[in-house]
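Next come the chains, spelled out residue by residue.
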Amino acid sequence: MASISAEKPSAIQDIFSRNKAIIGVVHCEAFPGSPQYKGQSFAKIIDRALYDAKSYIEGGVHGLIVENHGDIPFSKPEDIGPETAALMSVITDRIKMAFGVPLGINVLANAALPALATALAGGADFIRVNQWANAYIANEGFIEGAAARALRYRSLLRAEHIRVFADSHVKHGSHAIVADRSIQELTRDVDFFQADAVIATGQRTGDSATLEEIDEIRSATVLPLLVGSGVTPDNVGQILQRTQGVIVASTLKVDGVWWNEVEPARVKHFMAAARAALEA
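Residues numbered from 1 in each chain as written. Predicted model: local features only at pLDDT ≥ 70, side-chain atom pairs only at ≥ 80, totals over all residues. Heavy atoms only, no water.

Another point: the packing of aromatic side chains. All chains considered together, the criterion is met by four aromatic pairs. Aromatic side chains Phe16 and Phe126 sit 6.2 Å apart centroid to centroid with 55° between the ring planes, which places their arrangement in the tilted category. Linking Phe16 in helix α1 (residues 11-16) with Phe126 in strand β4 (residues 126-129), this pair joins segments that are 110 residues apart in sequence. Taken individually, Phe16 and Phe126 each receive the classification buried, so the pair is uniform in this respect. A centroid spacing of 5.6 Å and a plane angle of 85° characterise the contact between Trp258 and Trp259, whose relative ring orientation is edge-to-face. (Phe/Tyr/Trp six-rings, centres within 6.5 Å; stacked < 30°, edge-to-face > 60°. Helix = DSSP H or I, 4+ residues; strand = E, 2+ residues; numbered from the N terminus. Buried < 20%, exposed > 50% of the residue type's maximum accessible area, 1.4 Å probe, protein only.)

Enumeration according to the criterion identifies 12 salt bridges in this entry. With its nearest N and O atoms 3.5 Å apart, the salt bridge here joins Lys8 to Asp196. On the criterion of sequence distance, the pair formed by Lys8 in the segment before α1 and Asp196 in the loop between α6 (183-192) and β9 (197-200) is long-range, its members being 188 residues apart. A relative accessible area of 7% means that Asp196 is categorised as buried. Between Arg163 and Asp14 there is a salt bridge, and its shortest N-O distance comes to 2.7 Å. With Arg163 in strand β7 (residues 163-168) and Asp14 in helix α1, the pair connects residues that are 149 residues apart, well separated along the chain. Arg163 sits in the buried class, given a relative accessible area of 17%. Connected through salt bridges with shared partners, the residues Glu29, Lys44, Arg48 and Asp52 form a single ionic network. (Salt bridge = Lys/Arg side-chain N within 4 Å of Asp/Glu carboxyl O.)

The biggest cluster of nonpolar side chains holds 77 residues, and the ones touching the most others in it are Leu64, Trp132, Phe165 and Phe270. In terms of residues, this core owes the most to one element, helix α2 (residues 42-59), which gives six residues. Among all residues touching Leu64, those that are not within four sequence positions of it are Ile23, Gly24, Val26, Ala53, Tyr56, Ile57, Ile95, Val101, Pro102, Leu103, Gly104 and Phe126. (Core = buried A, V, L, I, M, F, W, Y, C linked by side-chain atoms within 4.5 Å. Contact = heavy atoms within 4.5 Å.)

Between helix α4 (residues 112-122) and helix α5 (residues 147-156), whose axes approach to 9 Å, the crossing angle comes to 25°. Classified by the angle their axes make, α4 and α5 are roughly parallel. The interaxial crossing formed by α4 with α5 has right-handed handedness. Contacts between α4 and α5 involve Ala112, Leu113, Leu116 and Ala117 on the former and, on the latter, Arg149, Ala150, Tyr153 and Arg154. Here the contact of α4 with α5 is composed, by residue class, of six nonpolar, no polar and two charged. (Axes fitted to C-alpha atoms, helices over the stretch in contact; angles between N-to-C directions. Parallel < 35°, antiparallel > 145°, perpendicular 65-115°, else oblique. Left-handed = near helix turned anticlockwise from the far one by under 90°. Nonpolar A, V, L, I, M, F, W, Y, C, P; charged D, E, K, R; others polar.)

Below, the structure written as structure tokens:
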């Protein structure tokens, strides 16, 4: 495979001290300023995030992503207020202090600069950015790739230690703008624009990428590859054979619904299936 960008150490190995990682997502409740926020105390929001983090970690996951998933409908990056990064930084710091595990940040939608600020203030190790290169039509409208601004902002912050995990062929949207480019080409664009890991997803939250799409992305880059949606105890083995990790949430929640609390028994069941694959 021809090199697209300068060779770099594996972000998964560097962050998680292992070759493959299972990453749970802490879906924060709605923050002040978002439509679903009903005036609950910030202490309650923190407590819920800590509960979910504890359930994940005690169940055996290797790290977490903190995400403002309660802020539906998500704003475009330029419309996200500073209160979001401020509140997420506090939650991230509390989780880091309580559990000391590797952490990532995803500020929806596609808010790479607030994510970097949050990661730096809260002590996180990486950010997830859904649209890193090119552009697409998302639920929020037209979303442009964040790479150029984000990498310059990271340099400004002297935060080069914070890695970037970027999606290829992003879920929740249409790729008509780049329909003449293959998934392989889109993945190579993400690599060329200096992401540290690539994420494959399905069409929406809870849908898995197909094995064919995972293989297509894998063939296009030497960067670590993760699957970021739709991973279950039934398919985690096949996925981990092809990738360096998974990002999982919905299937580990009560009734398998993303807005519910993490269910410890589901985490343990999932990790038993994952360990069987990791140890094979």
